[in-house]
Amino acid sequence: MKTKNQTLNGRVRLATLADADEILAIYAPYIEQTTISFEWTVPTPEAFRSRMKQSMEDYPYIVYEENGVILGYAYAHRAFERYSYRFCAELSVYIKQNARTKGIGTLLYRILIDLCREMGVKTLYGVVTNPNEASFRLHERLGFVRVGNFPNSGHKFDQWIDVIWYALPIGEYDPHPREITPFSQLSKNVISQTLTKYLN
C-alpha cells in the first residue's frame, strides 16, 4: 500500500520499560498544555512505567524512532472492564510536538490495527476530546466511524469539553469466536513483519 508513511526514515519497534522516561516526556505537554488528555498532573516516572507494564502484558505498545530518538508512541488497551467486552480494545497515540505533521500517527495506528487483528480483536475504539481536528482526520482516514458524542464530559482549563467516540470493526462477528491471543503470545514473526510492513 502506497502511503506517505513510506517517506519516513525511522523505524517502528516494540516499546520497552527503558523507554518510559522518553515516552513520558512526549506525553507530558499533552497534559500540561492541552485538553487532548484529561489528566491534570503528569504522572511520576514510576507510575508511568507501571502503566506501561500493565498495558504491555496483553496488548501492543509501540514507538517510532529516528536516529535513536522516539518521536511518537501508540498502544492498545482494554476498552471496558466487563469480560464480555474482551473482543474490544481502545487505541491511543501521542506524537512529539515538533513531529506532528510527518504521518507518524497514521503509521503507528495502521500497525496497531493490524496487530490487534492478529490477536483476534473485533472492534477498535478511539476516544477523542473535541476539538481535535488532527485526531478526527486520523481516525476517519483509517476507516473509523464516529459513533458517539458525550457532551460536556470533562472540565479542564476553565472549559467544558465534549468527548467523541470512534469505532472500527476489524474482524468477523462469529457467534463462536476464537479467544483473544494475548500480545505476548503472538507469533514473533507476525509481530516483526507487521512492524516493518508500511515502511518497506
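Structure: above.
Conventions adopted
- Residues numbered from 1 in each chain as written.
- Predicted model: local features only at pLDDT ≥ 70, side-chain atom pairs only at ≥ 80, totals over all residues.
- Heavy atoms only, no water.
- Helix = DSSP H or I, 4+ residues; strand = E, 2+ residues; numbered from the N terminus.
- Rg over C-alpha atoms; globule rule 2.2 N^0.38 Å.
- Buried < 20%, exposed > 50% of the residue type's maximum accessible area, 1.4 Å probe, protein only.
- Contact = heavy atoms within 4.5 Å.
- Areas by Shrake-Rupley, 256 points an atom, 1.4 Å probe, with all protein chains shown as cover.
- Lys, Arg positive; Asp, Glu negative; His and termini not counted.
- Charge placed at Lys NZ, Arg CZ, Asp CG, Glu CD.
- 1 Å grid on protein atoms, 1.4 Å probe; cavity = no way out; pocket = protein on both sides within 12 Å on 5 of 7 lines; lining within 4 Å.
- Points joined across faces, edges and corners; volume = space filled by probe spheres on them.
- Nonpolar A, V, L, I, M, F, W, Y, C, P; charged D, E, K, R; others polar.
- Pairing = 2+ DSSP bridges.
- Axes fitted to C-alpha atoms, helices over the stretch in contact; angles between N-to-C directions.

**Overview of the overall build of the protein chain**
Then, number 1: Within the protein chain, the regular secondary structure consists of five helices and seven strands.
Then, number 2: Ordered by position in the sequence, the α and β elements of the protein chain form the string β-α-α-β-β-β-α-β-α-β-β-α.
Then, number 3: The C-alpha radius of gyration of the protein chain comes to 16 Å, within 12% of the 16 Å expected for a compact globule of 200 residues.
Then, number 4: Taken over 200 residues, the protein chain has a buried fraction of 50%.
Then, number 5: Counting contacts in the protein chain only where the partners sit at least 6 residues apart, residues at least 24 apart contribute 69% of the total.
Then, number 6: Taken as a whole, the protein chain presents about 10,700 Å² of accessible surface, with 50% of it coming from carbon and sulfur.
Then, number 7: Between the mean site of the 23 positive side-chain charges and the mean site of the 21 negative ones, the protein chain shows a separation of 5 Å.

**A few points about the layout of surface pockets**
Then, number 1: Reported here for the largest pocket is a volume of approximately 1,300 Å³.
Then, number 2: Along its surface, the largest pocket is lined by 49 residues, and Leu-91, Ser-92, Val-93, Tyr-94 and Tyr-109 are the ones closest to its centre.
Then, number 3: At the level of elements, α1 (20–33), α2 (45–56), β3 (69–78), β4 (88–95), α3 (104–119), β5 (123–130) and α4 (133–141) are the ones that each hand at least two residues to the lining of the largest pocket.
Then, number 4: Along the lines of polarity and charge, the residues of the lining of the largest pocket split into 24 nonpolar, 14 polar and eleven charged.

**Focus: the pairing of β3**
Then, number 1: With eight of ten residues buried, β3 is to be regarded as a mostly interior element.
Then, number 2: Once strand β2 (residues 61–66) ends, the chain turns through two residues before running back antiparallel as β3, passing Asn-67 with a positive phi of about 50°.
Then, number 3: Bridge count for β3 against β4 is seven bridges, and the pairing is antiparallel. Note that in β4 the partner of Arg-78 across the bridge is Ala-89.

**Points about the sheet that holds β3**
Then, number 1: Taken in spatial order, the seven strands of this open sheet run β1-β2-β3-β4-β5-β7-β6, and their pairing is mixed. The open sheet is flanked by β1 (11–14) and β6 (145–156), the only strands paired with a single partner. Neighbouring strand axes in the sheet, compared pairwise and without regard to direction, differ in orientation by 25° on average.
Then, number 2: Bridge count for β4 against β5 is four bridges, and the pairing is parallel.

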